[in-house]
Amino acid sequence: MSARTLFALVFLLLLGLFTWLNWGEITRPAVLSLGLTRVEAPLGVVLVVALFLVTLLYLLFTIGLETAALLEVKRYARELLHYKKLAEDAEGSRYTELKRYLETELAQLKEAEKEEIRALEARLVEILEKHGNTLAAYIGELEDQLLRLLKRE
């Protein structure tokens, strides 16, 4: 309970106590002027009723303000949830887009790696073939030299 509400309640209780203690004086008839006419009525009762009506109007006004504020908060909460959902959807689509991009890049890297491996394999085969030919030529030359040495003897 806020201090303002507590103060208002204490004030109303004190006012009610004052009214109860002075009820005889409050209900004593008096001549009241209404502008064009005069009436005889208890002035205290008229003032107490007027105070009660003003208090009731204040309570109704306060309840109306609180209700309007609560409805506004509820509307803001709905909007906030809507925007949160939009943000989450946007974030999800960004993750999906990033995933697709990374998958594409990885596929391209795999293809580039495969091409590079094929090129290295082809070069290795070429080098092995070249060295094999060189080795075969050396062996052939050694064989010719051995045959010539054997024929001389």
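The following paragraphs examine the structure supplied in this document. Every value quoted in this text rests on a predicted model; they were computed, and no experiment measured them.

Conventions adopted
- Residues numbered from 1 in each chain as written.
- Predicted model: local features only at pLDDT ≥ 70, side-chain atom pairs only at ≥ 80, totals over all residues.
- Heavy atoms only, no water.
- Helix = DSSP H or I, 4+ residues; strand = E, 2+ residues; numbered from the N terminus.
- Rg over C-alpha atoms; globule rule 2.2 N^0.38 Å.
- Buried < 20%, exposed > 50% of the residue type's maximum accessible area, 1.4 Å probe, protein only.
- Contact = heavy atoms within 4.5 Å.
- Areas by Shrake-Rupley, 256 points an atom, 1.4 Å probe, with all protein chains shown as cover.
- Lys, Arg positive; Asp, Glu negative; His and termini not counted.
- Charge placed at Lys NZ, Arg CZ, Asp CG, Glu CD.
- Phe/Tyr/Trp six-rings, centres within 6.5 Å; stacked < 30°, edge-to-face > 60°.

### A short note on the overall build of the protein
- A count of helices and strands for the protein gives three helices and two strands.
- Relative to a compact globule of 153 residues, whose C-alpha radius of gyration would be 15 Å, the protein shows 53 Å and is clearly more extended.
- For the protein, the residues scored as buried account for 4% of the 153 residues in total.
- Sequence separation of 24 or more characterises 10% of the internal contacts of the protein that already satisfy a separation of 6 or more.
- As presented, the protein carries roughly 14,200 Å² of accessible surface, and 68% of it is formed by carbon and sulfur atoms.
- Positive and negative side-chain charges in the protein, numbering 19 and 22 respectively, have mean positions lying 8 Å apart.

### Description of the packing of aromatic side chains
- One pass over the structure, following the stated rule, counts one aromatic pair.
- Centre to centre, the rings of Phe7 and Phe11 are 6.5 Å apart; their planes meet at 20 degrees, and the pair counts as stacked. With Phe7 and Phe11 both in helix H1 (residues 3-21) and four residues apart, this pair spans about one turn of that helix.
- With relative accessibility at 62%, the residue Phe7 sits in the exposed group.

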